[in-house]
Amino acid sequence: MKLIVAIIRPEKLEDVQKALAERDVYLMTVSDVRGCGRQRGYTEVYRATEVQIRLIPKLKLEIAVNEAFVEATVEAIVHAARTGDTGTIGDGKIFVLPLEDCVRIRTGERGSEAIGP
């Protein structure tokens, strides 16, 4: 079992969900987050004053999958979240972490059965 954590642009969520659904991955948690990386923020003018925006709005997806779905999930996110053909700075990151255990509260199932197919 793995926990896939992806940080993506908010406008790419529907594309990512569609790509994941095509690969039978439906279960995820989505959170609004803010952060910075290579983009380093941007400058905008607010009431005639230049303001530096350093933390950029992003979405954080957390997806628990069985080993058989790891590569398909990562590939779906990469292709759907990428801007244009080659991508641009700020498209996001994907982290794949080991998942020690999972428990479905309703039934008490544990491990890969609790995650689903």
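Here is a short report on the structure shown in this document. As the structure is a computational prediction, the values presented were derived from the model and not from experiment.

**So, the overall build of the protein chain**
Line of reasoning, step 1. Helix and strand content of the protein chain: three helices and six strands.
Line of reasoning, step 2. Mapped in sequence order, the helices and strands of the protein chain form the string β-α-β-β-β-β-α-β-α.
Line of reasoning, step 3. Relative to the globule expectation of 13 Å for 117 residues, the C-alpha radius of gyration of the protein chain, 17 Å, shows a markedly less compact shape.
Line of reasoning, step 4. For the protein chain, the spread of C-alpha atoms along the three principal axes comes to 60 × 30 × 20 Å.
Line of reasoning, step 5. Taking the intrachain contacts of the protein chain between residues at least 6 apart in sequence as the baseline, contacts between residues at least 24 apart amount to 70%.
Line of reasoning, step 6. Only carbon and sulfur atoms are counted for the fraction: they give 51% of the accessible area of the protein chain, which is about 7,900 Å².
Line of reasoning, step 7. Separation of charge centres in the protein chain, based on 17 positive and 18 negative side chains, amounts to 6 Å.

**Digging into the pairing of strand S4 (residues 49–53)**
Line of reasoning, step 1. Here strand S3 (residues 42–46) pairs with S4 via five bridges, running antiparallel. By the bridge assignment, Tyr42 is partnered in S4 with Ile53.
Line of reasoning, step 2. The antiparallel hairpin formed by S3 and S4 contains two residues in its connecting segment, where Arg47 sits at a positive phi of about 50°.

**Quick look at the sheet that holds strand S2 (residues 29–35)**
Line of reasoning, step 1. Pairing within the open sheet is antiparallel, and its four strands lie in the order S2-S5-S1-S6. The strands lining the two open edges of the sheet, one partner per strand, are S2 and strand S6 (92–98). Adjacent strand axes in the sheet meet at a mean angle of 20° when their direction is disregarded.
Line of reasoning, step 2. Of the pairings in the sheet, the one linking strand S1 (residues 2–8) to strand S5 (residues 56–65) comprises seven bridges and is antiparallel in character.

**Quick word on the nonpolar core**
Across soluble globular proteins, you tend to see nonpolar side chains buried next to one another.
Line of reasoning, step 1. In this structure, Ile8, Val16, Leu20, Leu61, Ile63, Val65 and Ile77 are the most contacted members of the largest nonpolar core, which totals 19 residues.
Line of reasoning, step 2. Elements supplying a minimum of two residues to this core: S1, helix H1 (13–22), S5 and helix H2 (70–81).
Line of reasoning, step 3. Top contributing element to this core by residue count: H2, with six residues.
Line of reasoning, step 4. Residues contacting Val65, with those up to four places away along its chain left out, are Met1, Lys2, Ile4, Val25, Val70, Thr73 and Ile115.

**Observations concerning the environment of Arg40**
Line of reasoning, step 1. Position of Arg40 among the secondary structure elements: in the loop between S2 and S3.
Line of reasoning, step 2. The spatial distance from the C-alpha of Arg40 to the C-alpha of Val70 is 30 Å, given a sequence separation of 30 residues.

**Topic: the side chain of Asp91**
Line of reasoning, step 1. Looking at where Asp91 falls in the secondary structure, it is placed in the loop between H2 and S6.
Line of reasoning, step 2. Overall, the relative accessible area of 11% leaves Asp91 in the buried class.
Line of reasoning, step 3. In terms of polar contacts, Asp91 uses its side chain to reach the side chain of Thr83, at 2.6 Å.

Quick notes on the rules
Residues numbered from 1 in each chain as written. Predicted model: local features only at pLDDT ≥ 70, side-chain atom pairs only at ≥ 80, totals over all residues. Heavy atoms only, no water. Helix = DSSP H or I, 4+ residues; strand = E, 2+ residues; numbered from the N terminus. Rg over C-alpha atoms; globule rule 2.2 N^0.38 Å. Contact = heavy atoms within 4.5 Å. Areas by Shrake-Rupley, 256 points an atom, 1.4 Å probe, with all protein chains shown as cover. Lys, Arg positive; Asp, Glu negative; His and termini not counted. Charge placed at Lys NZ, Arg CZ, Asp CG, Glu CD. Pairing = 2+ DSSP bridges. Axes fitted to C-alpha atoms, helices over the stretch in contact; angles between N-to-C directions. Core = buried A, V, L, I, M, F, W, Y, C linked by side-chain atoms within 4.5 Å. Buried < 20%, exposed > 50% of the residue type's maximum accessible area, 1.4 Å probe, protein only. Polar contact = N/O pair within 3.5 Å; in protein donor to acceptor, adjacent residues only side chain to side chain.

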